[in-house]
Amino acid sequence: MKDKTKYFSYPYIVWIVTFILFPSFLVLLYSITSKDSNGVTTIHFTLENYELFFKKMYVNILFDSIWLAAISTVICLLLGYPAAYIISNAHISKRNTLLFLCILPMWMNMLLRTYAWMTILGNNGLINNFLGFLGLPKLNLLYTKGATVMGMVYNFIPFMILPIYTALSKLDNKLIEAAADLGADKKTVFKKIIFPLSMPGVISGIIMVFMPAVSTFIIPQLLGGNKNMMIGNLIEKLFILNGDWNFGSAISIVMMLIILISMSIMNKFDVDKEGGARLL
Amino acid sequence: MKKYLSRIYMLIMYIFLYAPIIVLAIYSFNESKSRGNWTGFSLKWYIELFQDRDIKTALYYTVSIAIISSIISTILGTIASLGINSLKGNMKSLVLNINYLPVVNPDIVTGISLMILYISFNMDLGFNTMLISHIVFSTPYVILSILPKLKQLDKNMTEAALDLGATPMYAIRKVIIPEIKPGIITGFLTAFTLSIDDFIISYFTKGEGVTNLSIVIYSMARRGVRPTINALSTIMLTVVLILMLIINKRSNLESKTKNQREARY
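Each value, and the rule that gives it
- Residues numbered from 1 in each chain as written.
- Chains lettered and ligands numbered in written order.
- Predicted model: local features only at pLDDT ≥ 70, side-chain atom pairs only at ≥ 80, totals over all residues.
- Helix = DSSP H or I, 4+ residues; strand = E, 2+ residues; numbered from the N terminus.
- Rg over C-alpha atoms; globule rule 2.2 N^0.38 Å.
- Buried ≥ 20, exposed ≤ 12 C-beta atoms within 10 Å, placed from the backbone.
- Contact = placed C-beta atoms within 7 Å.
- Core = buried A, V, L, I, M, F, W, Y, C linked by C-beta atoms within 7 Å.
- Axes fitted to C-alpha atoms, helices over the stretch in contact; angles between N-to-C directions.
- Parallel < 35°, antiparallel > 145°, perpendicular 65-115°, else oblique.
- Left-handed = near helix turned anticlockwise from the far one by under 90°.
- Nonpolar A, V, L, I, M, F, W, Y, C, P; charged D, E, K, R; others polar.
- pLDDT = per-residue confidence, 0-100.

Undergrad: Help me understand the overall build of chain B, please; the structure alone is not making it clear to me.
TA: Helix and strand counts for chain B come out as 11 helices and zero strands. Listing every helix and strand of chain B by position from the N terminus yields α-α-α-α-α-α-α-α-α-α-α. A compact globule built from 265 residues would reach a C-alpha radius of gyration of about 18 Å, whereas chain B, at 23 Å, exceeds it by more than 25%. Overall, chain B is about 75 × 65 × 35 Å in size when its C-alpha atoms are taken along their principal axes. Relative to its full complement of 265 residues, chain B shows a buried share of 39%. Sequence-distant contacts in chain B: of pairs separated by 6 or more residues, those separated by 24 or more amount to 77%.

Undergrad: Would you take a moment to explain the overall build of chain A for this structure?
TA: Across its full length, chain A holds 13 helices and zero strands. Element order for chain A, N to C, with α for helix and β for strand: α-α-α-α-α-α-α-α-α-α-α-α-α. Its C-alpha atoms give chain A principal-axis dimensions of roughly 75 × 75 × 35 Å. By the burial criterion, 42% of the 280 residues in chain A qualify as buried. In chain A, of all internal contacts separated by at least 6 residues, the share reaching a separation of at least 24 is 69%.

Undergrad: What's the story with the nonpolar core in this structure? I'm lost.
TA: Generally speaking, soluble globular proteins have nonpolar side chains that are buried together. Formed by 132 residues in total, the largest nonpolar core has its most connected members in Ala84(A), Trp117(A), Phe156(A), Ile161(A), Ile164(A), Ile112(B) and Ile217(B). A total of 16 residues in this core trace back to one element, the largest contributor, which is helix H8 (residues 145-170) of chain A. Excluding its chain neighbours within four sequence positions, the residues that come into contact with Ile217(B) are Leu111(A), Leu112(A), Tyr115(A), Ile229(B) and Leu232(B).

Undergrad: Help me out: how do you make sense of the interface of chain B and chain A in this one?
TA: Accessible area lost upon the coming together of the parts is a frequently used measure of interface size. On the chain A side, the residues contacting the 61 residues of chain B number 66 residues. Tallying contributions element by element places helix H1 (residues 2-27) of chain B first for the side of chain B that touches chain A, with 11 residues.

Undergrad: Quick question: what am I supposed to make of the packing of H8(A) against helix H10 (residues 186-215) of chain A here?
TA: In a pair of packed helices, the angle between the axes and the distance between the axes together describe the arrangement. Residue and element names in this part refer to chain A. Direction vectors running N to C along H8 and H10 enclose 160°, while the axes themselves pass 7 Å from each other. Relative to H10, the element H8 is oriented roughly antiparallel. Seen from above, H8 lies across H10 with right-handed handedness. Residues Met 152, Phe 156, Phe 159, Met 160, Pro 163, Ile 164, Thr 166, Ala 167 and Leu 168 of H8 pack against Ser 198, Pro 200, Gly 201, Val 202, Ser 204, Gly 205, Met 208, Val 209, Pro 212 and Ala 213 of H10.

Undergrad: I keep staring at the environment of Val142(B) and nothing clicks. Help me out?
TA: Residues and elements named next belong to chain B. The topology assignment puts Val 142 in helix H6 (residues 127-152). Separated by 28 residues in sequence, Val 142 and Leu 114 have C-alpha atoms that sit 20 Å apart. With sequence-adjacent residues up to four places away left out, Val 142 is seen in contact with Ser 73, Thr 74, Gly 77, Gly 187, Thr 190 and Ala 191.

Undergrad: Explain unusual backbone geometry to me, please; I cannot follow it from the model alone.
TA: It is generally the case that most residues other than glycine have a negative phi and that most peptide bonds are trans. Residue and element names in this part refer to chain A. At Tyr 143, a position not held by glycine, the phi torsion is positive, near 60°. Looking at where Tyr 143 falls in the secondary structure, it is placed in the loop between helix H7 (126-133) and H8. On the basis of neighbour count, Tyr 143 is assigned to the buried category, with 20 C-beta atoms found within 10 Å.

Undergrad: I keep staring at the packing of helix H4 (residues 56-89) of chain A against H10(A) and nothing clicks. Help me out?
TA: All names here are of chain A. The N-to-C vectors of H4 and H10 enclose an angle of 140°; their axes lie 9 Å apart at closest approach. Considering only the axes of H4 and H10, their crossing is right-handed. Across from Ser 65, Ile 66, Ala 69, Ser 72, Thr 73, Cys 76, Leu 77 and Gly 80 in H4, the residues of H10 making contact are Val 202, Gly 205, Ile 206, Val 209, Phe 210, Ala 213 and Val 214. Residue composition of the contact of H4 with H10, by class: 10 nonpolar, five polar and no charged.

Undergrad: I tried to follow the confidence of the model for chain B on my own but got confused; where do I start?
TA: Low pLDDT marks regions whose predicted coordinates should not be analysed in detail. Counting all residues, the mean pLDDT for chain B is 87, and 92% of those residues have values of 70 or more. Overall fold confidence for the complex sits at a pTM of 0.86, while the interface term, ipTM, reaches 0.84.

Undergrad: Looking at this structure, how should I read the environment of Pro220(A)?
TA: Residues and elements named next belong to chain A. Relative to the helices and strands, Pro 220 is located in helix H11 (residues 218-224). In this structure Pro 220 comes out as buried when scored by C-beta crowding, with 28 C-beta atoms within 10 Å. In the structure, Pro 220 is positioned 73 residues away from Ala 147 in sequence and 8.3 Å away in space, judged by C-alpha atoms. Leave out the neighbours within four places in its chain, and Pro 220 touches Thr 148, Asn 228, Met 229, Met 230 and Asn 233.

Undergrad: Please clarify how the environment of Leu175(A) should be interpreted in this entry.
TA: Residue and element names in this part refer to chain A. Assignment of secondary structure puts Leu 175 in helix H9 (residues 173-181). Judged by local crowding, Leu 175 falls into the partly exposed class, with 14 C-beta atoms found within 10 Å. For Leu 175 and Ile 194, which are 19 residues apart along the polypeptide, the C-alpha to C-alpha distance reads 9.0 Å.

Put into C-alpha cells, the structure is as follows:
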C-alpha cells in the first residue's frame, strides 16, 4: 500500500520541477549570461552582471535596504516583545482576544495598510493638518526613509509578536517560581529565565520580519518615493521598465543569498531546532 | 501600577495598529477630495467606485482566480501529500525542500522567475499565467497543512481497512481523507486568502487587461491618494472582518464540540 501511494507524488514532482526548480535555474542562467546572447545558440557566460552590481550606486541601494530592514526589525522587536509579554501574562480568558486583535491587521491587504499611511503622513495628511491647526509649520513626512521604516514596522510587527507570544506561552511557570524561591528578583528572573527561553520565538520573529522587509518594494515605492529605492524596487524597475533580465536576475540571486545567509546566521543562535526554518 | 502600565502600553499598541485603518474608513465618507478638510458626509466615492470599469474587471479576476486556484491547489496538494508521505529518505527531503522554496523565497523572486519562464516559452501573459502562478505559490502551503495530519494518522487504521478487503483507493477515500479533512480545509482556506491577497506575484505574471484588485490599488496609489481607494479599502476591510468573525466562530464551535467529544470518551 505504502509503496503504491508514493506514485501519487509523481505528478507534483513534475509540477515543482517545471514551475519551481526550472524557473529558479532560468534566473541563475540569466544572471550569468550577457545581454547579447540570443537564444540557445549564442550563450555567452559572463560575470559582468554581478560586477555591475558593485558600482557605487547599486551597492548603496543594497546597503540601504539591509540597513532599513534591520532598523525596522529592531524596532519591531523592541515594540513587539513587551506586547507579547503582556499578552502572555494576561488572564487566560482575555489572551486569545488580545492576540487576535494584534494579528487581525495581518489579514488586511498589505497595499491598503501601506496606503493608509499615505493619508496620514502626506502633505495634506492628518498629521500635517493637525500641525497646521496648531499653527505649526508643516513637516515633510511622506516620501522619506523614515516613512519607509514606519510602513515596515506597521506591516510586519504582527510577525514579531506572534512567535514571541508562542514561545512565552509555552514557558513552564514552575521554572519562574523555582527561580523566585531561590531568591532571584524579577529582573534576574527575566534576564536568566524568561528571555533565554523565549529566544526561539525572538529568532523566528527576526527572520519573519527581516525577510519580507529586505525584499519589499511596495512600501518604499508608496512611502519612500522615487528617491529612496530599495533592492526590491531595483528588481522591479529592471524587469518591468528596463527589460534588463540579466542584471535583474543577478540582483535577485544576490537578494536570495542575503536571505539565506541571514537565515543561517539566525539559525546558529537557535537552540531549539524545531522553531527554525527547515530548509537549512 | 504595573497593571496600568501594561494596559496603557497595549492601548497605544492597538491605536497604532488600528488608527490608520479607521482614518482611511472615515475619510472614505468625506465629501471633499482633499483629505485635509472634512466637508460633510457623502457616499459619492462609493458611487464612483461602483461605476469604475477597471475595478469591476479586477474584482472579477481576483475572485475567479482565487476560487479556481484554491480548488486546484487543494486537490493537487492533497494527492501530493499522500504521495510525499510515503516517499522515503533523501527523495522525501528533496521534494519537501523544493516544496519549501516558494515559502522562503521572497515573493518578488518567485514572481520574476515565473515571468521569465512564461516569456521564455512564448506563453501569453494573462489569465492563465496568473492562475498557474497562484497554484504554484499556494500548493506548498496546502501540503504543509496536510502533511502533519498524515503523520498523526494511525497506520493500523489503513491496514485494518485493507485487511477487511478494501481496495487501496477505497481505503484512501473512506479512511485517510476523512481523517485528514481538517488539514485539507485549512489548506484550502490558506490558499484562498493567499490568492485574494497576492500582489507581487500577480504583478509580474499579469497580462494585457488582466489585473487583480491589488494591482489596481497599487497603480492608483502610486499616483497619490485617491478617495475611491479609501472607499474600496473600507469595503475590503469590512469583508475581511466579517470573514474573520465567521472563521473565528466556526473554530470556536469546532474546539467546543471537540472538547465535548473528548470529554465523553
